[in-house]
Number of protein chains: 2
Amino acid sequence: MSESLLKRCQSVGIRLTEQRRVVIRVLENSADHPNVVEVHVRALQIDPQISIATVYRTVKLLEELGLLEKYDFGDGLSRYEDAEREHHDHLIDIKSGQVFEFCNEQLETLQVGIAKRLGFELRGHRLELYGVPLKKKQNE
Amino acid sequence: MSESLLKRCQSVGIRLTEQRRVVIRVLENSADHPNVVEVHVRALQIDPQISIATVYRTVKLLEELGLLEKYDFGDGLSRYEDAEREHHDHLIDIKSGQVFEFCNEQLETLQVGIAKRLGFELRGHRLELYGVPLKKKQNE
DNA sequence: ATAAATGCAAACGCTTTGCAAGTTT
DNA sequence: AAACTTGCAAAGCGTTTGCATTTAT
């Protein structure tokens, strides 16, 4: 397990305000991929005064510092998660919107190879699988 | 090669107005992934009166009909391309923004397998590789 | 003390939409 | 003729920002 988000924020030396600590804590305690409004709602439970502008500013700052990963699963909302979490991709259930995580070494290797063959050094990727739950044999 | 976008529009039976024909023609002649403003600019060269609202409405309609594929390469702009084009994924050059296409069977198969293992039937995916050009041996 | 962060509200940029006028079938 | 599409301008929506005030260092 790697350092906490808070520790990493301290390492990079950003000013640790009350509000930033709250946002950081919310993200540390989130195992999902909350959008900004969701982060704000969770933050309000800790600090009922915190404004959404501050949440926007904070997640943007942390993303630019490489401490958060930003996602968009197609609904036009920016979602965030701790960048230090084990690398993984996402599978989105198109029926429920639920998001599952997975990681596949073969996939990672394959991608590096594809990029190289195209003349590129892979710096990042975004893979999302969209699917529907497999129906069990008996029904439908 | 499959049917032209125009033909497929006729098949699904949407009303073919002047403006829709223009947008369709623009997309048929585009080998890249134009965003809405770009589609509009290209359309204006054919019909100097066409409004961007109509372009927005048309690409949205065609996407909902499954005739166009919508992409967002991270700049927050919606980009469109003919859905019938040979399936492929994208590699984006982070330096220049240029987009390259590729297709890899192994990758496709792997994804289906991953989804299945998670209990899902794969309905679609989105894969984007982000990279920088490999430097040739002599320079840098 | 000072440089930076906050909250508010206004502004932004892309996209959508209400409506009157014009088109397609 | 009826149903639908267009263009315009206004509204929507997520996100950003100017500014006066507050806060961390």
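Everything that follows concerns the structure shown earlier in this document.
Reading the values: rules and limits
- Each residue is numbered by its place in its chain's sequence as written, counting from 1.
- For naming, the first written chain is A and the first written ligand is 1, with later ones following in the order written.
- Only residues with pLDDT of 70 or above have their local features reported here, since the model is predicted, and side-chain atom pairs are shown and tallied only from 80 upward, although totals for entire chains, interfaces and linings are computed over all residues.
- Hydrogens and waters are ignored; side-chain quantities use all the structure's heavy atoms.
- We call a residue near a molecule or strand whenever a single non-hydrogen atom of that residue lies within 4 Å of it.
- N or O atoms closer than or at 3.5 Å make up a polar contact, with two conditions inside protein: a donor-capable atom paired with an acceptor-capable one, and, for residues adjacent in sequence, both atoms drawn from side chains.
- Numbering of helices and strands runs from the N terminus; a helix is a DSSP stretch of H or I covering at least four residues, while a strand is a stretch of E covering at least two.
- Throughout this entry, Asp, Glu, Lys and Arg are counted as charged residues, while Ala, Val, Leu, Ile, Met, Phe, Trp, Tyr, Cys and Pro are counted as nonpolar. The remaining residues, Gly among them, count as polar.
- One speaks of a salt bridge when a side-chain nitrogen belonging to Lys or Arg is within 4 Å of a carboxyl oxygen belonging to Asp or Glu.
- The buried label goes to any residue with under 20% of its type's maximum accessible area, the exposed label to any with over 50%, and the partly exposed label to all in between, with areas taken from a 1.4 Å probe on protein chains only.
- A pair of strands is labelled paired if DSSP reports no fewer than 2 bridges between them.
- Helix axes are fitted to C-alpha atoms over the stretch in contact, other axes to C-alpha atoms as well, and angles between N-to-C directions run from 0 to 180 degrees.
- Whether two residues are in contact is decided by their heavy atoms: any pair within 4.5 Å suffices.

Some details on the protein's contact with DNA strand C
As a structural note, the neighbourhood of DNA strand C is formed by 21 residues, with A:Gln19, A:Thr54, A:Arg57, B:Tyr56 and B:Ser78 the closest of them. Sugar plus phosphate, as a fraction of atoms of DNA strand C within 4 Å of the protein: 68%. In this structure, A:Gln49 approaches DNA strand C through a main-chain N or O atom, which is 3.4 Å from a phosphate oxygen. The side chain of A:Thr54 places a nitrogen or oxygen atom 2.4 Å from a phosphate oxygen of DNA strand C. No other element matches the 4 residues that helix 4 (residues 52–64) of chain B contributes to the surface near DNA strand C. Grouping the constituent residues of the surface near DNA strand C by class yields 7 nonpolar, 7 polar and 7 charged.

Some details on the pattern of salt bridges
Inspection of every chain in the model, using the stated rule, returns 16 salt bridges over all chains. A:Glu81 is the partner of A:Arg85 in a salt bridge, and the nearest nitrogen-oxygen pair spans 3.2 Å. Among the residues examined, A:Glu81 registers a relative accessible area of 4% and is labelled buried. One salt bridge in this structure joins B:Asp75 and B:Arg79, with 2.9 Å as the shortest N-O distance. Residue B:Asp75 is classed as partly exposed on the basis of its relative accessible area of 41%. For B:Arg79, a relative accessible area of 14% gives the class buried. Among the ionic contacts, a cluster of salt bridges with common partners joins A:Glu38, A:Asp75 and A:Arg79.

Brief notes about the sheet that holds strand 5 (residues 120–133) of chain A
Taken together, 6 strands build an open sheet; the order of strands is 4(A)-3(A)-5(A)-5(B)-3(B)-4(B) and the sheet is mixed. Bordering the open sheet on either side are strand 4 (99–102) of chain A together with strand 4 (99–102) of chain B, each of which pairs with just one other strand. Mean inter-strand twist for the sheet, computed between neighbouring axes without regard to direction, equals 25°. Direction of pairing for strand 3 (residues 89–93) of chain B relative to strand 4 of chain B: antiparallel, over a ladder of 4 bridges. Opposite B:His90, over in strand 4 of chain B, you have B:Glu101 as the bridge partner. Packed on one face of the sheet, helix 5 (residues 105–117) of chain A meets strand 3 (89–93), strand 4 and strand 5 of chain A together with strand 3, strand 4 and strand 5 (120–133) of chain B and runs near 130° to strand 5 of chain A.

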